[in-house]
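Overview (structure and organization)
Okay, here's what each chain looks like letter by letter:
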There are 2 protein chains.
Amino acid sequence: MADDKKLTSQQEDFAKWYNEVVLRAELADHSPVRGSMVIRPWGYGIWEHMQSALDAMFKETGHENAYFPLLIPMSFIEREKEHVEGFAPELAVVTQAGGKELEEPYVIRPTSETIIYAMYAKWVQSYRDLPVLMNQWANVVRWEMRTRLFLRTSEFLWQEGHTAHATAEEAEEETRLILGLYRTFMEDWIAMPPMTGLKSESEKFAGAVRSYACEALMKDNKALQAGTSHFLGQNFAKQFELTFQSEDGQEEFAWNTSWGVSTRLIGGLVMTHGDDNGLVIPPRLAPAQVVVIPILRGDDAGPVRDKADEIVSRLKENGVRVRLDARDHLSPGAKFFEWERKGVPFRLEIGPRDLAEGKVALARRLTPEGEKRKAFLPEAQALAELPERLESFQGELLQAAIARREANTVRGVKSLDEMEEAFEDGAGFVFSGWSGDPAVEEAVKERMKATIRLLPDEEFRSDQAPATCVSGAGESVTEAAWARAY
Amino acid sequence: MADDKKLTSQQEDFAKWYNEVVLRAELADHSPVRGSMVIRPWGYGIWEHMQSALDAMFKETGHENAYFPLLIPMSFIEREKEHVEGFAPELAVVTQAGGKELEEPYVIRPTSETIIYAMYAKWVQSYRDLPVLMNQWANVVRWEMRTRLFLRTSEFLWQEGHTAHATAEEAEEETRLILGLYRTFMEDWIAMPPMTGLKSESEKFAGAVRSYACEALMKDNKALQAGTSHFLGQNFAKQFELTFQSEDGQEEFAWNTSWGVSTRLIGGLVMTHGDDNGLVIPPRLAPAQVVVIPILRGDDAGPVRDKADEIVSRLKENGVRVRLDARDHLSPGAKFFEWERKGVPFRLEIGPRDLAEGKVALARRLTPEGEKRKAFLPEAQALAELPERLESFQGELLQAAIARREANTVRGVKSLDEMEEAFEDGAGFVFSGWSGDPAVEEAVKERMKATIRLLPDEEFRSDQAPATCVSGAGESVTEAAWARAY
């Protein structure tokens with residue numbers, strides 16, 4: 001049965017559009033488990049490509065994968081005071097196992113700093129054992145009250161990196177290295193260009209000294225925290241006795257960092273590129289980059305199907321990820337509709353007339369202004385050009401996303417009234433001066449539901465940032481980028 | 001600090017040897033969580049290569065990856081009667097979450113049939129939606145009383161495939177396809193040749209109609225169940241209303257299969273190839289296939305180190321996974337010792353004299369009878385030949401394992417006395433006739449701690465299997481392969 005109902009438009013109701021796209025593009029589905037989703041093959045395929053790209057980047061920079069326990073003794077999670085305060089409300093607790101009540105309950109990891117640094121303490125003796133640079137791909141559980149597919153679910157998949165260093169400088173360098181790596185990944189693979197910078201105290205990770213983040217602007221102009229990298233100082237090292245003998249024989253505490261991105265990135269991808277026809281997947285992450293649809297009619301069906309098979313084989317040989325859609329109970333139109341909704345970058349059609357003329361029709365999921373939707377090309381040319389067309393498509397998505405972010409960023413805002421007006425006019429990021437006073441953050445949040453997403457890194461700062469705080473009270477000590485956020 | 005203590009020998013205490021190898025080769029470590037282990041980078045690296053090989057095989061045969069929730073409502077797990085009986089004693093139960101007692105507790109998945117078929121029921125309407133061929137890479141928890149690193153842990157990593165088909169024949173074919181795929185993987189990658197066949201009723205999966213398994217013989221002549229593939233019939237489809245409209249318009253229940261292998265395979269690898277010097281990793285799965293060790297002495301240290309770097313680059317270009325060990329606080333001997341324990345297939349040494357002569361020393365982790373431990377080869381030859389030497393090494397490991405399995409298999413056993421004698425003489429697999437009576441299984445288990453591992457597939461059956469049951473009572477209806485097992 002063809003699912004040919006139109007999606008709610010982004011204009012009409014962005015949240016509803018989002019949910020429909022995720023469900024109807026078969027990225028994910030709701031499950032019978034409160035707040036947990038099922039990631040379906042089309043969504044998991046995107047995640048696999050994200051994993052493989054990120055994993056290569058981690059390994060190139062000297063990190064190794066490992067795997068630590070899902071369950072964490074309650075007493076561990078309670079050791080770092082800010083950490084447990086941050087996570088306590090969201091914990092899922094195992095109280096029975098093997099048919100008995102447990103003496104000490106376990107929590108399902110909401111994040112793994114505690115158990116991981118307890119292990120590092122066992123492995124690290126000397127400065128020679130440092131740095132420790134590990135990552136794990138894992139599931140975590142945070143019991144969320146209001147959940148949304150990919151963006152906020154009780155269980156999600158992520159990677160969490162955890163490192164230990166001999167000096168604060170080295171740990172800080174690692175924190176920044178990973179932030180840069182995340183940014184590169186988001187730009188080059190998701191075509192989702194984030195701003196980067198420091199979190200304010202009120203928004204930092206529970207247990208960190210400093211948190212850095214990537215914040216990307218979605219099509220509804222809300223910001224999405226897409227990745228974080230934390231400098232943990234010696235907070236956890238002190239609780240878990242993660243010490244080492246330094247080169248000059250002193251017993252010292254190690255310095256830690258932790259960093260992660262999650263399946264939330266798939267939600268970011270959807271809201272960065274999707275349109276009223278559905279998903280648009282950047283070619284580098286698309287489970288299928290091209291769908292080949294033979295137009296089968298009567299007597300010519302055999303040769304057309306053979307040609308389609310041949311094209312699929314050739315494209316595979318060229319390293320293109322391709323699917324053949326030869327289902328015979330659906331019309332070509334219904335297939336076009338379905339693969340558009342699923343966001344496949346290119347569709348290649350071949351019918352009896354094309355076959356006779358040695359041509360194929362190539363349709364892009366998004367058509368640049370002024371270009372035709374479909375190009376009829378000689379078969380050999382279409383096949384030869386597809387890899388570079390995929391790369392151009394990827395590049396155009398990034399450029400469009402950067403342009404949209406910049407067009408929706410308002411700078412130099414000098415008062416709360418001006419800020420409110422900017423948000424009411426639909427601004428994305430709003431830049432202002434800030435005194436560093438958390439009361440200003442509270443006031444803005446109360447009044448216009450916006451928060452400081454970042455104290456932006458230099459390249460994102462304004463040329464002429466206001467010298468006074470947006471509140472009117474006091475000098476600005478830093479520029480701040482505000483936004484309504486997911 | 002160099003860890004240069006000798007391992008307990010296999011002869012002296014195989015179980016102790018195993019534990020020491022796993023810990024001291026840094027494959028895994030005990031954790032503060034009862035029965036859970038930490039998989040360290042060296043062990044996880046092996047798992048990554050296993051995953052990537054298996055995953056490619058699954059995909060080539062039309063399977064897609066997905067991800068289903070970790071938590072399963074208690075009422076789901078209870079629906080299939082045999083299933084819950086089998087798993088109830090091992091469940092870990094979440095009773096609190098988000099600061100509240102849950103109305104219905106969740107269990108952490110011990111396996112995912114119930115939640116997965118509940119979802120399939122939602123997705124499948126028509127025969128056109130079949131088959132559904134999905135796999136997930138996931139962690140599961142089974143609260144085990146007696147745990148052993150990799151072999152039996154409360155949490156482990158695995159893949160679980162779950163499929164739905166329109167007919168029993170198709171589902172049976174899938175079950176056998178996967179069994180064959182597992183066997184191929186174990187032979188070609190782990191160099192661990194299993195026997196394959198059917199499980200007896202008493203050993204089958206809780207909820208299955210029939211279970212097939214791969215059973216491999218470890219160096220202590222105990223069998224390891226290394227992979228299973230289950231034909232589930234319509235047992236779960238009926239409980240979860242997984243129905244479809246058939247081609248002729250009838251509402252029918254689907255037919256299911258499920259199948260899995262786990263990190264237990266790493267334990268199998270250790271016990272198939274390891275020796276008193278430590279681990280031996282088959283090249284195709286080795287995180288490092290070659291370790292390059294520069295022998296650094298005084299003035300020549302610079303050029304030797306440069307040459308070592310160059311060799312590492314060249315090997316990488318040739319697709320060899322290589323590590324450089326240039327640590328300067330350890331002697332070459334200590335390094336040799338460590339990499340042998342970690343099971344790296346080849347060690348390439350380069351010292352000042354070798355450099356002058358244009359040679360390198362190449363040492364194999366295992367030396368075939370009559371060959372020298374180290375070969376001094378011209379550098380170019382060593383580099384050119386390494387890929388094929390790695391493949392030969394892989395092949396020799398498999399041949400040795402097959403020969404060992406055959407040498408330790410006793411066939412044609414006609415009585416319980418004869419069987420006991422075989423086991424007392426140290427036999428691995430003992431083949432006999434069997435009447436099909438579970439009382440015989442009970443008696444054998446009681447008397448000699450052996451169980452039926454398999455009703456072997458045709459190619460493993462004896463040419464002249466006994467016509468009577470090993471118990472002396474009744475005719476044999478099938479040949480059975482017995483062993484003591486992990």
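Residues numbered from 1 in each chain as written. Chains lettered and ligands numbered in written order. Predicted model: local features only at pLDDT ≥ 70, side-chain atom pairs only at ≥ 80, totals over all residues.

**Considering the sheet that holds strand β9 (residues 195–198) of chain A**
Residues and elements named next belong to chain A. With mixed pairing, the 11 strands of this open sheet are ordered in space as β3-β7-β8-β14-β11-β10-β9-β22-β23-β21-β20. If you trace the sheet from one side to the other, it starts and ends with β3 (64–65) and β20 (410–413), each paired once. Two elements, strand β8 (residues 155–165) and strand β14 (residues 255–262), share eight bridges in a ladder whose sense is antiparallel. When the bridges of β14 are listed, His162 appears paired with Ser258. Each of β7 (132–141), β8 and β14 is contacted by helix α5 (residues 113–123), which is oriented at about 35° to β8, the strand it contacts most. Packing against the sheet, helix α8 (residues 264–273) makes contact with β8, β10 (210–217), β11 (223–233) and β14, and its axis sits at approximately 145° to β11. (Pairing = 2+ DSSP bridges. Helix = DSSP H or I, 4+ residues; strand = E, 2+ residues; numbered from the N terminus. Contact = placed C-beta atoms within 7 Å. Axes fitted to C-alpha atoms, helices over the stretch in contact; angles between N-to-C directions.)

**Focus on the relation of the copies chain B and chain A**
Here chain B sits on chain A after a turn of 180° about the axis and a move of 0.0 Å along it, with an RMSD of 0.0 Å. On this basis, the relationship between the two copies can be described by a two-fold rotation axis. Taking C-alpha positions as the reference, the residue of chain B nearest the rotation axis is B:Val94, at 2.1 Å. (Least-squares fit on C-alpha atoms with pLDDT ≥ 70 in both.)

**Quick word on the pairing of strand β17 (residues 346–350) of chain B**
Residue and element names in this part refer to chain B. Counting buried residues along β17, five of its five residues qualify, which places the element largely inside the surrounding structure. Residues Phe346, Leu348 and Ile350 point to one face of β17 and Arg347 and Glu349 to the other, with burial holding for every one of them. Alignment of strand β15 (residues 290–294) against β17, held across five bridges, turns out to be parallel. Across the sheet, residue Val290 finds its bridge partner in β17, namely Phe346. In terms of strand pairing, β17 meets strand β18 (residues 359–364) through four bridges, oriented antiparallel. For Phe346, the partnering residue across the bridge sits in β18 and is Arg364. (Buried ≥ 20, exposed ≤ 12 C-beta atoms within 10 Å, placed from the backbone.)

**Description of helix α14 (residues 438–448) of chain B**
Residues and elements named next belong to chain B. Looking only at α14, the buried set comprises Val440, Glu441 and Val444. Taken down its axis, α14 places every buried residue within 100° of arc, on the same side. Away from the buried face of α14 by more than 90 degrees, exposed residues Pro438, Ala439, Glu442 and Glu446 are located. Tucked into the core, α14 has its buried residues touching α13 (416–424), β21 (429–434), β22 (451–456) and β23 (478–483). Just downstream of α14, Lys449 is the residue with a positive phi angle, here 60°. (Arc of directions from axis to C-beta.)

So, to be careful, I would describe these as geometric facts and stop short of saying anything about function.
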